[in-house]
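# Architecture and fold: a report
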Amino acid sequence: RVGASLAAVLIGLDLRAAGLGPSDPLKVALTGRLVRPGAGGQLLGADGLGRDVFSRLMSGAQASYAISAVVLVMQLAIGFTLGLIAGYSGGIIEVIIMRLCDIMHALPSMLVAIAVISILGAKTMNLIFLLAITGWVSFCRVVLNNVRVIKGQECVHASHSMGASRWLIMFSHCFPNVTTPPSLL
């Protein structure tokens, strides 16, 4: 509870950083170089170019939260979709998706990151792509196991016997029932 409230306060402050920072995070002031924390009205001091460290921290946090939100949405989309398909379909489709999960777990994320960044370049979109591709596996496994349980419930059997399509059953019965547990990851 305390951690969640502290995180909420920090995120709220960082998202409003434009109005709360004492100065422009990019403004160079060579006369105020290397100011110690608390001196000259600067909460965390100044760097080698005289830029306010607190303002720079707040500005950088905004970009970090934006990137992490986009990455999380992409990971959830990939993980939920593949987990639903693998869990409901079973058979060879499940085996293929689970082997893909095993491959993603076996690859060292840092080596994949170095390879992708060296090939595609150090850009924000490449970072987002890289983090989304390497982080969806845990969501997929949790959703797969929950779909296996839900697939045996009476509502799914009733829908199937009434002639509902596989996609309709997956997204009207399985999907709503598996949305809660992966949010705890």
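The rules behind these values
- Residues numbered from 1 in each chain as written.
- Predicted model: local features only at pLDDT ≥ 70, side-chain atom pairs only at ≥ 80, totals over all residues.
- Heavy atoms only, no water.
- pLDDT = per-residue confidence, 0-100.
- Helix = DSSP H or I, 4+ residues; strand = E, 2+ residues; numbered from the N terminus.
- Patch = residues over 30% accessible without salt bridge, like charges linked within 9 Å, V, L, I, M, F, W, Y side chains within 5 Å.
- Areas by Shrake-Rupley, 256 points an atom, 1.4 Å probe, with all protein chains shown as cover.
- Salt bridge = Lys/Arg side-chain N within 4 Å of Asp/Glu carboxyl O.
- Buried < 20%, exposed > 50% of the residue type's maximum accessible area, 1.4 Å probe, protein only.
- Axes fitted to C-alpha atoms, helices over the stretch in contact; angles between N-to-C directions.
- Left-handed = near helix turned anticlockwise from the far one by under 90°.
- Contact = heavy atoms within 4.5 Å.
- Nonpolar A, V, L, I, M, F, W, Y, C, P; charged D, E, K, R; others polar.
- Core = buried A, V, L, I, M, F, W, Y, C linked by side-chain atoms within 4.5 Å.

## A closer look at the confidence of the model for the chain
In the predicted model, the chain carries a mean pLDDT of 81, and 89% of its residues have values of at least 70. Here helix H2 (residues 17-20) stands out as the element of the chain with the lowest mean pLDDT, 57, in contrast to helix H4 (residues 91-106), whose mean of 92 is the highest.

## Here's the deal with a nonpolar patch on the surface
Residues Ile92, Ile93, Val95 and Ile96 make up a contiguous nonpolar surface patch of roughly 370 Å² in combined accessible area. Note on placement: isoleucine 92 falls in helix H4. Taking the relative accessible area as the measure of exposure, isoleucine 92 reaches 61% and is therefore exposed.

## Remarks on the packing of helix H3 (residues 53-89) against H4
Closest axis-to-axis distance for the H3/H4 pair is 7 Å, and the angle between their directions is 140 degrees. Of the two possible hands of crossing, H3 and H4 adopt the one that is left-handed. Counted together, Leu82, Ile85, Ala86 and Ser89 of H3 and Gly91, Ile93, Glu94 and Ile97 of H4 form the full contact between these two elements.

## Details of the environment of cysteine 140
Assignment of secondary structure puts cysteine 140 in helix H7 (residues 137-151). Judged by its relative accessible area of 0%, cysteine 140 falls in the buried class. With residues near it in sequence (within four places) discarded, cysteine 140 still touches Gly79, Leu82, Gly83, Ile97, Met98 and Cys101.

## What to know about the pattern of salt bridges
Side-chain pairs of opposite charge can arise whenever the charged atoms involved come near each other. Here the structure, examined in full by the defined rule, presents five salt bridges. Residues aspartate 47 and arginine 56 are paired through a salt bridge, measuring 3.9 Å at the closest nitrogen-oxygen approach. Judged by its relative accessible area of 17%, aspartate 47 falls in the buried class. A salt bridge links glutamate 94 to arginine 148, with the shortest nitrogen-to-oxygen separation between them at 1.9 Å.

## As for the environment of glutamine 153
Residue placement: glutamine 153 occurs in the loop between H7 and helix H8 (154-161). Since its relative accessible area comes to 36%, glutamine 153 is described here as partly exposed. Taking C-alpha positions, glutamine 153 is 9.8 Å from cysteine 174, a pair spaced 21 residues apart along the chain.

## Here we look at the packing of H3 against helix H9 (residues 166-178)
For the pair H3 and H9, interaxial distance at closest approach is 10 Å and the crossing angle is 115 degrees. Considering only the axes of H3 and H9, their crossing is right-handed. Here Phe80, Leu84, Ile85, Tyr88 and Ser89 of H3 come into contact with H9, specifically with Arg166, Trp167, Ile169, Met170, Phe171, Cys174, Phe175 and Val178. Of the residues belonging to the contact of H3 with H9, the class tally is eleven nonpolar, one polar and one charged.

## Topic: the nonpolar core
Listed in full, the eleven residues of the largest apolar core are Phe80, Leu84, Tyr88, Val143, Val147, Ile150, Val156, Ile169, Met170, Cys174 and Val178. Contributing elements (two or more residues each) for this core: H3, H7 and H9. Sorting elements by how many residues they give to this core places H9 first, with four residues. Contact partners of valine 156, with chain neighbours within four places excluded, come to Tyr88, Ile150, Lys151, Ile169 and His173. Formed by ten residues, the second largest nonpolar core is a distinct cluster that contains Ala86, Cys101, Trp136 and Cys140.

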